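As a plain string of letters, each chain reads:
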Amino acid sequence: MTKEISVALVGAGAMGGALLRGWLSAGTIDPAASAVFDPAADAALKKLARRHDFALNPSPEGISVDALVLAVKPQAAASVLPAYAAIARSALVISVMAGMSLAAIGRALGDPPRVARAMPNLPAAFGAGVTGLYAPATVNAHGRDVIDRLMAATGETVWVRSEEEIDFVTAVSGSGPAYFFLLTEALAEAGAALGLEKEAAQRLARATASGAGAMLAADPRSPADMRKAVTSPGGTTAAALGVLDGDAKALRRLMKEAAAAAAKRAAELTE
Ligand SMILES: NC(=O)c1ccc[n+]([C@@H]2O[C@H](COP(=O)([O-])OP(=O)(O)OC[C@H]3O[C@@H](n4cnc5c(N)ncnc54)[C@H](O)[C@@H]3O)[C@@H](O)[C@H]2O)c1
């Protein structure tokens with residue numbers, strides 16, 4: 001049997017909390033040997049700590065774990081991370097922070113020997129996440145396996161070739177769920193504008209987004225092939241796609257601009 005991983009998690013908000021819940025339900029981590037740090041721990045997190053018996057907000061002094069996972073806001077990192085420098089000396093450090101470079105993490109933690117970047121996304125809370133991963137050569141095969149096992153507990157993992165590509169992952173899958181939620185909002189608004197009752201339009205749009213997501217998860221066909229399966233020649237879908245994807249390729253152009261803006265912002269956060 002594979003050994004459970006001991007983890008110190010710094011920041012158990014939306015993303016850190018989703019990872020923690022994924023690890024606990026998949027049995028990936030050893031709760032009794034793990035610790036979670038979050039000064040704003042709410043009742044749900046306290047209940048989780050009691051149920052699974054992990055340490056919540058212990059003194060970081062003397063804590064020794066396999067992996068130190070950093071999930072605080074990048075803007076808070078410089079002031080928060082130094083308190084965890086001693087843990088980082090012997091642990092594999094995995095940062096899920098957007099736009100916080102290996103160099104900046106190293107500076108804040110006193111240059112620990114092994115630091116990797118991971119960019120998960122929020123569907124991790126339902127085991128439906130995808131995480132982009134990058135580790136420099138200082139992280140060996142065992143370290144990579146630990147990172148992969150931790151992140152695979154909440155969905156798929158995709159290794160990328162360079163640290164710069166983590167900013168591109170952030171633009172595609174880290175921020176990506178928000179693009180689909182916006183599309184769902186926009187579709188509901190369009191339905192209401194046509195004359196549907198607002199609530200009916202919202203239910204139709206949401207179930208359509210979730211149904212399309214279920215097809216993407218279960219159907220091996222490419223997204224383009226599934227799009228074609230919905231589109232009868234000269235029919236209603238073709239009329240809509242003529243607006244979204246006609247000669248001007250409006251949606252594809254907009255998506256490129258949006259992803260470029262997200263990647264640029266990730267790079268700015270790094271400075
Ligand atoms: N939300 C996402 O979809 C998403 C996706 C990928 C990566 N991320 C990254 O995850 C990180 C966290 O984002 P989030 O959305 O979960 O934010 P969040 O605000 O929900 O969570 C941050 C948590 O850090 C805690 N915190 C603050 N000071 C702390 C300290 N001194 N010690 C320990 N914990 C402390 C806060 O109380 C909060 O619970 C960010 O760096 C973000 O870039 C987020």
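Throughout, a residue's number is its position along its own chain's written sequence, starting from 1. Local features in this predicted model are restricted to residues whose pLDDT is 70 or higher, and side-chain atom pairs enter the listing and the counts only when it is 80 or higher, whereas totals over whole chains, interfaces and linings include all residues. Side-chain figures throughout are based on the complete set of non-hydrogen atoms in the structure, without hydrogens or water.

Note the cut-off: UniProt positions are given in the numbering used here, feature names are shortened, and annotations may be inferred rather than shown by experiment.
As annotated in an unreviewed UniProt entry, the protein chain carries the name Pyrroline-5-carboxylate reductase and is attributed to Amphiplicatus metriothermophilus. Check the Pathway (unreviewed entry) section of the UniProt entry for the protein chain; it says "Amino-acid biosynthesis; L-proline biosynthesis; L-proline from L-glutamate 5-semialdehyde: step 1/1." The record in UniProt for the protein chain states the following under Sequence similarities (unreviewed entry): "Belongs to the pyrroline-5-carboxylate reductase family."

### Considering the UniProt feature "binding site: NADP(+)" (unreviewed entry) in the protein chain
What counts, and what does not: Strands here mean DSSP runs of E at least two residues long; helices mean DSSP runs of H or I at least four residues long; both are numbered from the N terminus. Using a 1.4 Å probe on the protein chains alone, a residue whose accessible area is under 20% of its type maximum counts as buried, one over 50% counts as exposed, and one in between counts as partly exposed. Contact definition: two residues touch when any of their heavy atoms are within 4.5 Å.
The feature "binding site: NADP(+)" (unreviewed entry), as given by UniProt, occupies Ala71, Val72, Lys73 and Pro74 in the numbering adopted here. For Ala71, the location among the structural elements is in the loop between β4 (67–70) and α3 (74–80). Among the residues examined, Ala71 registers a relative accessible area of 14% and is labelled buried. For Ala71, the residues in contact, after removing those within four places along its chain, are Leu9, Val10, Gly11, Gly16 and Val96. Summarising the element assignment, Pro74 is placed in helix α3. Look past the residues within four positions of Pro74 in its chain and what remains in contact with it is Met97, Ala98, Met100 and Leu269.

### Examining the packing of helix α7 (residues 164–174) against helix α8 (residues 176–194)
Relative orientation and spacing of two packed helices are given, respectively, by the angle between their axes and the distance between those axes. Let me state the cut-off plainly: Here the axes come from fitting lines to C-alpha atoms, over the contacting stretch only for helices, and the angles between their N-to-C directions go from 0 to 180 degrees. Any angle from 65 to 115 degrees is called roughly perpendicular, while one under 35 is roughly parallel, one over 145 is roughly antiparallel, and all others are oblique. Residue polarity is assigned by list, with Asp, Glu, Lys and Arg as charged and Ala, Val, Leu, Ile, Met, Phe, Trp, Tyr, Cys and Pro as nonpolar; anything else, Gly included, falls into the polar class.
Viewed as axis vectors pointing N to C, α7 and α8 meet at an angle of 30°, and their least axial separation amounts to 5 Å. With respect to their mutual orientation, α7 and α8 come out roughly parallel. Taking contact as the criterion, the partners of Ala171, Val172, Ser173 and Gly174 in α7 are, on α8, Gly176, Pro177 and Tyr179. Within the contact of α7 with α8, the residues separate by chemical class into four nonpolar, three polar and no charged.

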